[in-house]
Number of protein chains: 2
Amino acid sequence: MDAISFEPPRGMRDFYPEDMIWRNRVFDAWRRAAQAYGFSPYDSCVVESLDLLQRKSGEEVSEQIYHFEDKSGRRLALRPEMTPTLARMVAARQGRLTFPIKWFAVAQCFRYERMTRGRKREHYQLNLDIIGESSVSAELEVMAAAADALSRMGMPADAYRIRVNNRALLSELLDRSGIAAKHHPAVFLALDKRGKISDEAIAELLREEGLDDAAVAKTFELLAVQTLDQAAELAGQDSPAIATLRELFALADIYGIADRLVFDIAVIRGLSYYTGIVFEAFDTAGKFRAIFGGGRYDNLLTTIGGDPTPAVGLGFGDVVVVEVLKDLLGETAAAVRHGVTIGYMEAAQREAAMRLARSLRDQGEEVDLALTKLKPKQFFSRASAGSAADAVYIGPDDVSAGQARRKHLETREETVIPLP
Amino acid sequence: MDAISFEPPRGMRDFYPEDMIWRNRVFDAWRRAAQAYGFSPYDSCVVESLDLLQRKSGEEVSEQIYHFEDKSGRRLALRPEMTPTLARMVAARQGRLTFPIKWFAVAQCFRYERMTRGRKREHYQLNLDIIGESSVSAELEVMAAAADALSRMGMPADAYRIRVNNRALLSELLDRSGIAAKHHPAVFLALDKRGKISDEAIAELLREEGLDDAAVAKTFELLAVQTLDQAAELAGQDSPAIATLRELFALADIYGIADRLVFDIAVIRGLSYYTGIVFEAFDTAGKFRAIFGGGRYDNLLTTIGGDPTPAVGLGFGDVVVVEVLKDLLGETAAAVRHGVTIGYMEAAQREAAMRLARSLRDQGEEVDLALTKLKPKQFFSRASAGSAADAVYIGPDDVSAGQARRKHLETREETVIPLP
């Protein structure tokens, strides 16, 4: 038979036990933070109907969907994001759910991308969504929950910033510049490419959308706005978009996250369905891509045939945050020794070792029991290389004495324990 | 635009928050039990190379694989089981890993099946594997860990039995009946269909494999063996397969699971790669399909091009166990109230409610904060329908007094707490 490749499919990740240390640190922090903020878990299958995904996703995403037909000719796909599925699940029960709902999921998502600089074709993503609430209370809860997750992972508060904007503000400003509402979605998508393509290429996209040179120039002028006060001057003191932003910043103080929030008119977000506040978190040093991002999408449910419902959502991937944490804290910062490993010298001590393992497990301990006899040197060399905090090695004398020594592998302290 | 279906794709499951209660109970029990028994987590992508899966899986599974080509023409598939991926990952690092290894994963797996009686096309499965150990210590650890998981889920020890057999015993007995070793794999696969197809259809499969009528009759006679002692009489007192089974049953006593183990010569397992001990757990009442199953597969790594390595594995799905638990304990047995919900009467109390939420979250509590003002009746009716254990409702008098009442929703007991 031909040899088979031992590599995972291109762009997909294997997680060996040492990789799971970081992954579990991230996933645990996500789940605990979501629950601390009162979000309920939900999930669905990674396989979704292609029709739903094409109806709902931004244009760029559609080309990147992994899709296939099942044996009955159904058009299926590996979801590129969770939001269309969430919208479908909510629409299916719209008459029965009590709004607002606060839901979270940790979902694997797929995108077929060209493979550049270690970019993967799948990742996991925390999704936090609040559906049925139009006040900024919703934005605050998702932002604060994401900040709490970062803090549980060990990320210092000064190591990242959440950049906040309001698409409604941009719409007001574009209106005032004489750019009609029908052009706004295309303008948003073009401006979101800033930094990825040249400003000249963006200007070309805007001209293709029908903007004249004056309108293109005014659009770029907007991006030069630095502060909320400057924006308020342009938008007028009665601007609803400015009022929303001011309320958000004021309440962020009560939530204890005001130190991490900054206004940034250049934050747009790539997906076409956002309608209001949008935000993205970046490491303060600016070395990495966005850690998380999200915003308000009040029209999404109607797009797929549900009732009009205000909503706010956030996506927080597992790749960038681990890069940032490793950079800040070191590659091995997440490894913590835990549990106890038990070994024995001769077959005659096997049953004593099994009894001790059972007794410690009954007491709630994590026990790695050697499956065969080991010489002391072998056992302790494996124990040091492993992840256990403590080690117990049982020889014939220990069984006679009815007790053994439990050794803390880092401090080398020993305590005598009875053998059951 | 046409309406879009709000249903998940056929055979796939949505998990609403109430469905997640059972799922989390099962997943948490799996992870805690695996860790209590010293298994390390691993994972890989649900998308696997089709070549690997076809090389490794049993014949029946191959027809049921969801497969597709990516945009570069790679032949990919949604894995039907985790074992081929595990074998690949181990083979990739065979020179670097220190054996034995004990690994676990909670993996979603897909099979394209005809949809009968609510059977799904995807499920989640705990996989426990020990690679590099040939003694029954390995079988004991995976069985005891699975039993521990059941116990953490609330399953009484007398509600299920683990039926144990040894394929090596069947091979010895078939040898003694004059049935050559080359026929054994086909005989195993035919016998495993017992109960699913008629005995006459099984006999026909055996005749197709080249067994004459006498050999077919002898094969069925073997299945009539009731006890290990009867099997030992047929196999001879020096049978290595009998010795292995006896050792397993003796040590199960030390592990505290002997009460749940029974010898059953009819347990075969459908996959072709098992070589030794095989086992399946069923509810004692016999109402449901197998809860978990597994066995020894010593040749698997060589099949995909790795070095010869003894191995034991177990698969434990999420569907049957929840059916059994709901039948035994009731549909709502897994729901436990937790956390606190906070509401407020008027916009003027919103900041006080936010401050209290922040303070309780800082103390590690799970807090569901109302996002808008609610009338008392509205708030308490939602709180009762929700999942929180406690409720705090803040009115104008509470803010003046600087304190509020925290009410336990089940006992209706109240305690006064300060407002921060």
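Residues numbered from 1 in each chain as written. Chains lettered and ligands numbered in written order. Predicted model: local features only at pLDDT ≥ 70, side-chain atom pairs only at ≥ 80, totals over all residues. Heavy atoms only, no water.

Caption draft 1: Expanded view of the interface of chain A and chain B. At the interface, 95 residues of chain A touch 94 residues of chain B. Carbon and sulfur atoms supply 59% of the area that chain A and chain B bury against each other, a total of about 7900 Å² over both sides. For the interface between chain A and chain B, the tally reads 12 salt bridges. Of the charged contacts in the structure, one is a salt bridge between B:Arg23 and A:Asp43, with a shortest N-O distance of 2.6 Å. Taken together, chain A and chain B are joined by 36 residue pairs in polar contact (both at pLDDT 80 or more). Element by element, the count of residues in the side of chain A that touches chain B is highest for helix 1 (residues 17–36) of chain A, at 7 residues. Of the residues assigned to the side of chain A that touches chain B, the class counts are 43 nonpolar, 19 polar and 33 charged. As paired elements, strand 1 (residues 14–15) of chain A and strand 3 (residues 43–44) of chain B share 2 bridges and run antiparallel to each other. Counterpart to A:Phe15 in the pairing with strand 3 of chain B is B:Asp43. (Contact = heavy atoms within 4.5 Å. Buried area = accessible area lost by both parts, 1.4 Å probe. Salt bridge = Lys/Arg side-chain N within 4 Å of Asp/Glu carboxyl O. Polar contact = N/O pair within 3.5 Å; in protein donor to acceptor, adjacent residues only side chain to side chain. Helix = DSSP H or I, 4+ residues; strand = E, 2+ residues; numbered from the N terminus. Nonpolar A, V, L, I, M, F, W, Y, C, P; charged D, E, K, R; others polar. Pairing = 2+ DSSP bridges.)

Caption draft 2: Region of interest: the pairing of strand 14 (residues 340–344) of chain B. Residues and elements named next belong to chain B. In terms of residue burial, strand 14 counts as a mostly covered element, since 5 of its 5 residues are buried. The side-chain alternation of strand 14 yields two buried faces, one formed by Val 340, Ile 342 and Tyr 344 and the other by Thr 341 and Gly 343. Where strand 14 and strand 15 (residues 367–369) come together, 3 bridges link them in parallel fashion. Looking at the pairing, Thr 341 lines up with Asp 368 of strand 15. The β-α-β motif built from strand 14, the intervening helix 14 (residues 350–362) and the parallel element strand 15 has right-handed crossover chirality. Where strand 14 lies against strand 16 (residues 390–394), 5 bridges are found, and the strand directions are parallel. Across the sheet, the residue bridging to Ile 342 is Val 392, located in strand 16. (Buried < 20%, exposed > 50% of the residue type's maximum accessible area, 1.4 Å probe, protein only. Right-handed = clockwise from strand over helix to strand, strands pointing away.)

Caption draft 3: Representation of the packing of helix 11 (residues 240–255) of chain A against helix 14 of chain B within the structure. Across the interface, helix 11 of chain A lies against helix 14 of chain B with an axial gap of 9 Å and an inter-helix angle of 40 degrees. The orientation of helix 11 of chain A relative to helix 14 of chain B falls into the category oblique. Between helix 11 of chain A and helix 14 of chain B, the residues in contact are A:Glu247, A:Leu251, A:Asp253, A:Ile254 and A:Tyr255 and B:Arg350, B:Glu351, B:Met354, B:Arg355, B:Arg358 and B:Arg361, respectively. For the contact of helix 11 of chain A with helix 14 of chain B, a count of residues per class yields 4 nonpolar, no polar and 7 charged. (Axes fitted to C-alpha atoms, helices over the stretch in contact; angles between N-to-C directions. Parallel < 35°, antiparallel > 145°, perpendicular 65-115°, else oblique.)

Caption draft 4: Region of the structure containing the sheet that holds strand 13 (residues 311–317) of chain A. Residue and element names in this part refer to chain A. Read from one edge to the other, the open sheet built from 8 strands follows the order 2-7-8-13-12-11-9-10, with strand pairing classed as mixed. Across the chains shown, the open sheet's two edge strands, defined by having one partner strand only, are strand 2 (40–41) and strand 10 (261–263). Sheet topology places strand 8 (residues 122–131) next to strand 13; 7 bridges connect them, and they run antiparallel. Residue pairing across strands places Ile 131 opposite Ala 311, the latter belonging to strand 13.

Caption draft 5: Seen up close, the pattern of salt bridges. Under the definition given, this model contains 62 salt bridges over all chains. Between B:Glu247 and A:Arg350 there is a salt bridge, and its shortest N-O distance comes to 2.4 Å. Of the two residues, B:Glu247 is situated in helix 11 (residues 240–255) and A:Arg350 in helix 14 (residues 350–362); the pairing between them involves two chains. Since its relative accessible area comes to 31%, B:Glu247 is described here as partly exposed. Residue A:Arg350 is classed as buried on the basis of its relative accessible area of 15%. Salt bridges here are not isolated pairs; linked through shared partners, they connect A:Lys102, A:Glu141, B:Arg361 and B:Asp368.

Caption draft 6: How the structure looks around the domain arrangement of chain A. Each assigned domain of chain A is listed with its residue range as follows: domain 1 (17–329) and domain 2 (340–418). Once you take the C-alpha centre of each, domain 1 of chain A and domain 2 of chain A turn out to be 50 Å apart. (Domains from an automatic or database assignment.)

Caption draft 7: Examining the relation of the copies chain A and chain B more closely. Between chain A and chain B, the superposition needs a rotation of 180 degrees and an axial shift of 0.0 Å, giving an RMSD of 0.0 Å. Expressed as an axis order, the relation between the two copies is that of a two-fold axis. Taking C-alpha positions as the reference, the residue of chain A nearest the rotation axis is A:Phe68, at 2.9 Å. (Least-squares fit on C-alpha atoms with pLDDT ≥ 70 in both.)

Caption draft 8: Quick look at the pairing of strand 13 of chain A. Residue and element names in this part refer to chain A. Of all the 7 residues making up strand 13, 7 are buried; the element is thus mostly covered by neighbouring parts of the structure. Here strand 13 shows two buried faces, one formed by Ala 311, Gly 313, Gly 315 and Gly 317 and the other by Val 312, Leu 314 and Phe 316. Bridge analysis of strand 12 (residues 292–296) against strand 13 gives 5 bridges, and the strand direction is antiparallel. Of the residues in strand 13, the one forming a bridge with Gly 293 is Gly 315.

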